[in-house]
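# Descriptive structure summary
These are the residues of each chain, in order.
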Amino acid sequence: AEDEVALFEKDMKEFWIQLKISYGTEQNNQTSALRDLCKETIEALSEKWSKKLKEEDLMIDKIREYNNEILQQSKYVAEKEEQLTEIKSKLNQEEEQQQNLTGIIQELKEELMKKMEIKSSKNKAAKEKVEQVSKITTLFKEHLGLEMRRIHDEQLQFIFRHIDHKDPDKPYICTLSINEQGDYEVTSCTPPLDCIPELQLKLRETNNFSAFVANIRKAFTALSYK
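Report on the accompanying structure. Bear in mind the structure is a predicted one, so any value in this text is a computation, not a measurement.

### Focus: the pairing of strand E1 (residues 146-151)
Sheet topology note: the E1/strand E2 (residues 155-160) ladder contains six bridges and is antiparallel. The residue of E2 that forms the bridge with Arg 149 is Gln 157. Connecting the antiparallel pair E1 and E2 is a turn made up of three residues, with Asp 153 showing a positive phi of about 60 degrees.

Right, dumping it as structure tokens:
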């Protein structure tokens, strides 16, 4: 704007110089010729500056338009940055949840493996006890008149004979199983014996199966004499 003003002042000076020159050299010219010259010069200057002012107005409009576009672009970028921040936050939350879920799954796997190991150990112990009982079946049957049967639910049934001297074939029955804890448990006894809880506890403590069977036979024998 300062350059434009300086240019205008320059043009006016040139006009007045030209006017003075014309006036000095042509004093006898008619006044109307000077007015025409002045009018033409002023109209030329007016047209020139009017054109410049219009160009400046257009330039200002362009600048405003560019500023508006920049403002809109800035808002758009700010919105996108906010959305990106939200997405990053959600991704971080999902990653944290996934890590927690992975930890929980790992804990469940370890717990399941421990339970499977415990179950396998109990099954092995139960199998060993059953095998131990099976190995002495023949011995008991031949020497004590004892018959052993495997019945439902993996139970062992002991059938004692030669107990009652009046009726040697009369059966005395005791049924034994292995519970969920892997311990021996008497599930039935015919005829009933008061000493079953004591003998069962002793069997669990000593794991001496032969002694348990012998004591059951003794208890049945004592009961037959009553």
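### Details of the sheet that holds strand E4 (residues 184-190)
Taking strand neighbours across the sheet as the criterion, the four strands line up as E1-E2-E3-E4 in an open arrangement whose pairing is antiparallel. A strand with exactly one partner marks an edge of an open sheet, and here the two such strands are E1 and E4. Across the sheet, the axes of successive neighbouring strands diverge by a mean angle of 20 degrees, strand direction being ignored. Where strand E3 (residues 172-178) meets E4, six bridges bridge the pair, whose relative direction is antiparallel. Paired with Leu 176 across the bridge in E4 is Val 186. Helix-sheet contacts for helix H4 (residues 196-206) involve E3 and E4, and the interaxial angle to E4 is about 150 degrees.

### Section: the pattern of salt bridges
This model, assessed by the stated rule, comprises two salt bridges. Salt-bridge contacts for Glu 111 lead to Lys 115; the nearest nitrogen and oxygen are separated by 3.6 Å. Taken together, the residues Glu 111 and Lys 115, both in helix H2 (residues 31-135) and four residues apart, mark about one turn of the helix. Residue class for Glu 111 comes out partly exposed when judged on its relative accessible area of 41%. Salt-bridge contacts for Glu 147 lead to Arg 149; the nearest nitrogen and oxygen are separated by 3.0 Å.

### Comments concerning unusual backbone geometry
Of all residues except glycine, most have a negative phi; of all peptide bonds, most are trans. The omega torsion of the bond from Thr 190 to Pro 191 falls at 0 degrees, within 30 degrees of zero and hence cis. Examined against the element boundaries, Pro 191 turns out to sit in the loop between E4 and H4. Of note, Asp 153 is a non-glycine position whose phi angle comes to about 60 degrees, a positive value. Summarising the element assignment, Asp 153 is placed in the loop between E1 and E2. Residue Asp 153 is classed as exposed on the basis of its relative accessible area, which comes to 66%.

How each quantity is defined
- Residues numbered from 1 in each chain as written.
- Predicted model: local features only at pLDDT ≥ 70, side-chain atom pairs only at ≥ 80, totals over all residues.
- Heavy atoms only, no water.
- Pairing = 2+ DSSP bridges.
- Helix = DSSP H or I, 4+ residues; strand = E, 2+ residues; numbered from the N terminus.
- Axes fitted to C-alpha atoms, helices over the stretch in contact; angles between N-to-C directions.
- Contact = heavy atoms within 4.5 Å.
- Salt bridge = Lys/Arg side-chain N within 4 Å of Asp/Glu carboxyl O.
- Buried < 20%, exposed > 50% of the residue type's maximum accessible area, 1.4 Å probe, protein only.

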